[in-house]
Amino acid sequence: MTVALSATAQDRGAIEDTIGSQLEAFNNRDIEGAWQYASPMIQGMFGTPQNFGMMVQQGYPMVWDNSDVRYLELREISGRLWQKVMLRDERGGLHVLDYQMIETDAGWQINGVSILPAPDIGV
């Protein structure tokens, strides 16, 4: 079930800052920096920043090389926060991703990313 979320402006800003900072770190090839925005669960799954970086480079090339980031709606789905993000890859293709966010002692962190179907864009 999807419902509109009444997150505070501060939460929204912090979530966007977290995602944006990780995207910038990937563009700068700062894998250690990008790793800091991954949740403890994600860090546990991949074990090292290098494994994490390799997974992103191979599985999420639009995240590895990204530009023109736009934040769409922030939603709550089954008690979890999801931030929809549209970005361009290095070839100019548009992609929409859904970032699952969790709040930890370290602040907002990314707990998973799903690639959504491509948006319909008129010519």
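Right above here is the structure, for reference.
These remarks concern the structure in this document.

Reading guide: rules and limits
- Residues numbered from 1 in each chain as written.
- Predicted model: local features only at pLDDT ≥ 70, side-chain atom pairs only at ≥ 80, totals over all residues.
- Heavy atoms only, no water.
- Buried < 20%, exposed > 50% of the residue type's maximum accessible area, 1.4 Å probe, protein only.
- Helix = DSSP H or I, 4+ residues; strand = E, 2+ residues; numbered from the N terminus.
- Pairing = 2+ DSSP bridges.
- Arc of directions from axis to C-beta.
- Contact = heavy atoms within 4.5 Å.
- Core = buried A, V, L, I, M, F, W, Y, C linked by side-chain atoms within 4.5 Å.
- Expected span 1.5 Å × (residues − 1).

Most of strand E3 (residues 80-88) sits out of view: 7 of its 9 residues are buried. With 7 bridges connecting them, strand E2 (residues 67-77) and E3 associate as antiparallel partners. Along E3, the bridge assignment pairs Arg-70 with Met-86. Between E2 and E3, which follow one another and run antiparallel, lie 2 residues, and Ser-78 among them has a positive phi close to 50 degrees. Bridge count between E3 and strand E4 (residues 94-104): 8 bridges; the pairing is antiparallel. Each bridged residue has a counterpart across the sheet, and for Leu-81 the counterpart in E4 is Met-101. The loop that links E3 with its antiparallel partner E4 comprises 5 residues; one of these, Gly-92, has a positive phi angle of about 95 degrees.

Considered for burial, the residues of helix H4 (residues 49-59) that qualify are Pro-49, Phe-52, Gly-53 and Val-56. Within H4, the buried residues cover an arc of 100 degrees as seen down the axis, which keeps them to one side. Contacts from the buried residues of H4 go to helix H1 (9-27), helix H2 (31-35), helix H3 (40-46) and helix H5 (61-64).

Counting residues in each nonpolar core, the largest one holds 24 residues, and the members touching the most others are Ile-15, Ile-19, Phe-26, Phe-52, Val-63, Tyr-99 and Met-101. Examining the composition of this core, we find that 5 residues originate from one element, H1, more than from any other. Ignoring anything within four residues of it in the chain, the contact list for Phe-52 reads Gln-22, Phe-26, Ala-34, Trp-35, Ala-38, Ile-42 and Phe-46.

Another aspect to go through is H1. Compared with an ideal rise of 1.5 Å per residue, which puts 19 residues at 27 Å, H1 spans 27 Å between its outermost C-alpha atoms and is within 8% of the ideal. By the burial criterion, the buried members of H1 are Ile-15, Thr-18, Ile-19, Gln-22, Leu-23, Ala-25 and Phe-26. The buried side chains of H1 occupy one side of the element, clustering within an arc of 165 degrees when seen end-on. Those residues of H1 that are exposed and angled more than 90 degrees off the buried face are Ala-9, Gln-10, Asp-17 and Glu-24. Phi turns positive one or two residues past the end of H1, at Arg-29, with a value near 60 degrees.

The values reported here are purely geometric and, on their own, carry no functional implication.
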